[in-house]
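Residue-level structure breakdown
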Amino acid sequence: MNADADLEDVRHAVRASAGDARAYSWLVMCHQGPVYRYLVRLVRVPETARELTQDTFLRAFQAIPTWRPEARFRTWLFRIAHNLALDHLRRAKHVRLEPLEAGADVPDPAPGPERRLETAQRMRRLEQALAALAPAHREVLLLREIEEMSYEDIARALDLNLGTVRSRIARARAALLAVLRT
């Protein structure tokens, strides 16, 4: 996420907090894809992730008057999504493995069918490995590697110390490699 995007977020969030529904709609359009991707990989059930995404934006809409421009909107939003996902996982007390459909959200830079099959198999393997991780490890990897959040933003989004984020990411990467090697 670049500084221009952050500035646009601030501009629209300030307008939305003053009651501008179109500004809030703009924020939803910009952030619903990343929030959903994060949630679907965290809770592993697409329908649940859709519901949690809707709940995230509903909660954000209700709380936007309390949002402050010194906080990155994206980080604030992912914090809401994180809390909702944790509540859901605690209630469910389990994480289901949903197989990734062939070709689902997998970019295909390969020219031939063999390469496409190979890429799809690798992506399925990675999704299965991510699913095998503890939710705390999976969420930091998703925020860092998929959503490209900084360590500081992850710490704010998950309400963790920066050192905890660094060590959790290191442990999560090691755990992911161990799963992939088996």
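Below, the structure is looked at part by part. In this text, all values refer to a predicted model and were calculated from it rather than measured experimentally. (Residues numbered from 1 in each chain as written. Predicted model: local features only at pLDDT ≥ 70, side-chain atom pairs only at ≥ 80, totals over all residues. Heavy atoms only, no water.)

1. Details of the packing of helix α2 (residues 21–43) against helix α3 (residues 46–63)
The criterion, for reference: For helices, the axis comes from a line fit to the C-alpha atoms of the stretch in contact; other axes are also lines fit to C-alpha atoms, and the angle between any two N-to-C directions lies between 0 and 180 degrees. In DSSP terms, a helix is any run of H or I states spanning at least four residues, a strand is any run of E spanning at least two, and both are numbered starting from the N terminus. In this scheme, roughly parallel covers angles under 35 degrees and roughly antiparallel covers those over 145, while 65 to 115 is roughly perpendicular and the rest are oblique. Crossings are classed by handedness, with left-handed meaning an anticlockwise turn of the near helix from the far one by less than a right angle and right-handed meaning a clockwise turn. Note on definitions: a residue-residue contact is assigned when non-hydrogen atoms from the two residues lie within 4.5 Å. Put simply, Ala, Val, Leu, Ile, Met, Phe, Trp, Tyr, Cys and Pro go in the nonpolar bin, Asp, Glu, Lys and Arg in the charged bin, and everything else, Gly too, in the polar bin.
Look at α2 against α3: their axes get within 8 Å of each other, and the N-to-C directions meet at 140°. As far as their axial angle goes, α3 and α2 are oblique. Helix-helix and strand crossings are classified by hand; for α2 and α3 the assignment is right-handed. Residues Tyr24, Leu27, Val28, His31, Gln32, Val35, Tyr36, Leu39, Val40 and Val43 of α2 pack against Pro46, Thr48, Ala49, Arg50, Leu52, Thr53, Thr56, Phe57, Ala60 and Phe61 of α3. Taken together, the residues of the contact of α2 with α3 break down into 14 nonpolar, five polar and one charged.

2. Quick notes on the pattern of salt bridges
The test is simple: Should a side-chain nitrogen of Lys or Arg be within 4 Å of a carboxyl oxygen of Asp or Glu, the pair is scored as a salt bridge. Per-residue accessibility, obtained with a 1.4 Å probe over protein chains only, is compared with the maximum for each type, and a residue is labelled buried under 20%, exposed over 50%, and partly exposed between these values.
For the structure shown, the criterion picks out 13 salt bridges. Among the ionic pairs, Arg44 bridges to Glu127, the shortest N-O distance being 3.3 Å. With Arg44 in the loop between α2 and α3 and Glu127 in helix α5 (residues 113–132), this pair connects stretches of sequence that are 83 residues apart. Given the relative accessible area of 4%, Arg44 is considered buried. A relative accessible area of 6% means that Glu127 is categorised as buried.

3. Re the nonpolar core
As a reminder, the rule being used: Definition of nonpolar core: a set of buried residues of the types Ala, Val, Leu, Ile, Met, Phe, Trp, Tyr and Cys, connected through side-chain atoms within 4.5 Å.
Of all hydrophobic cores here, the largest spans 44 residues; its most connected members are Tyr24, Tyr38, Leu39, Ile64, Phe73 and Ile154. At the level of secondary structure, the elements contributing two or more residues to this core comprise α1 (3–17), α2, α3, α4 (73–92), α5, α6 (135–146), α7 (151–158) and α8 (162–181). The greatest single-element share of this core, amounting to ten residues, is contributed by α2.

4. Considering the packing of aromatic side chains
The geometry of an aromatic ring pair comes down to the distance between the two centres and the angle between the two planes. The following threshold applies: Aromatic pairing here means that ring centres of Phe, Tyr or Trp (its six-membered ring) are within 6.5 Å. Orientation follows from the plane angle: under 30 degrees is stacked, over 60 is edge-to-face, and everything else is tilted. Here, a charge over a ring means that NZ of Lys or CZ of Arg falls within 6 Å of the ring centre while also lying within 35 degrees of the ring normal.
Counted under the stated rule, the structure contains four aromatic pairs. Between the aromatic rings of Phe73 and Trp76, the centroid separation amounts to 5.6 Å while the plane-to-plane angle is 45°, which identifies the pairing as tilted. You can see Phe73 and its partner Trp76 sitting in helix α4, three residues apart, about one turn around the helix. The two residues Phe73 and Trp76 agree in class, both being buried. One aromatic cluster is present, built from ring pairs that chain together Trp67, Phe73 and Trp76. Here Arg166 stacks its cationic end above the ring of Tyr151, 5.1 Å away from the centre of that ring.

5. Focus: the side chain of Arg138
The condition that has to hold: When charges are counted, neither His nor the chain ends are considered; positive counts come from Lys and Arg and negative counts from Asp and Glu. Side-chain atoms alone can form a polar contact between residues adjacent in sequence; in general such a contact is a pair of N or O atoms within 3.5 Å, and within protein one must be able to donate a hydrogen while the other accepts it.
For Arg138, the position within the fold is in helix α6. Summary of buried charges: Arg138 has no salt-bridge partner, and the nearest side chain of opposite charge, Glu127, is 8.0 Å away. Only 2.9 Å separates the side chain of Arg138 from the backbone oxygen of Leu42, close enough to count as a polar contact.

6. A short note on the packing of α2 against α6
Direction vectors running N to C along α2 and α6 enclose 155°, while the axes themselves pass 10 Å from each other. Between α2 and α6, the angle is such that the two are roughly antiparallel. The handedness of the crossing between α2 and α6 is right-handed. In this structure, α2 contributes Tyr38, Arg41 and Leu42 to the contact, and α6 contributes Pro135, Arg138, Glu139, Leu142, Leu143 and Ile146. Looking at side-chain class alone, the contact of α2 with α6 contains six nonpolar, no polar and three charged residues.

7. Examining the environment of Thr75
In this fold, Thr75 is placed in helix α4. Classification of Thr75 as buried rests on a relative accessible area of 5%. C-alpha separation for the pair Thr75 and Ala155, spaced 80 residues apart in sequence, amounts to 9.3 Å. Aside from chain neighbours lying at most four places away, what touches Thr75 is Met149, Asp153, Arg156 and Ala157.

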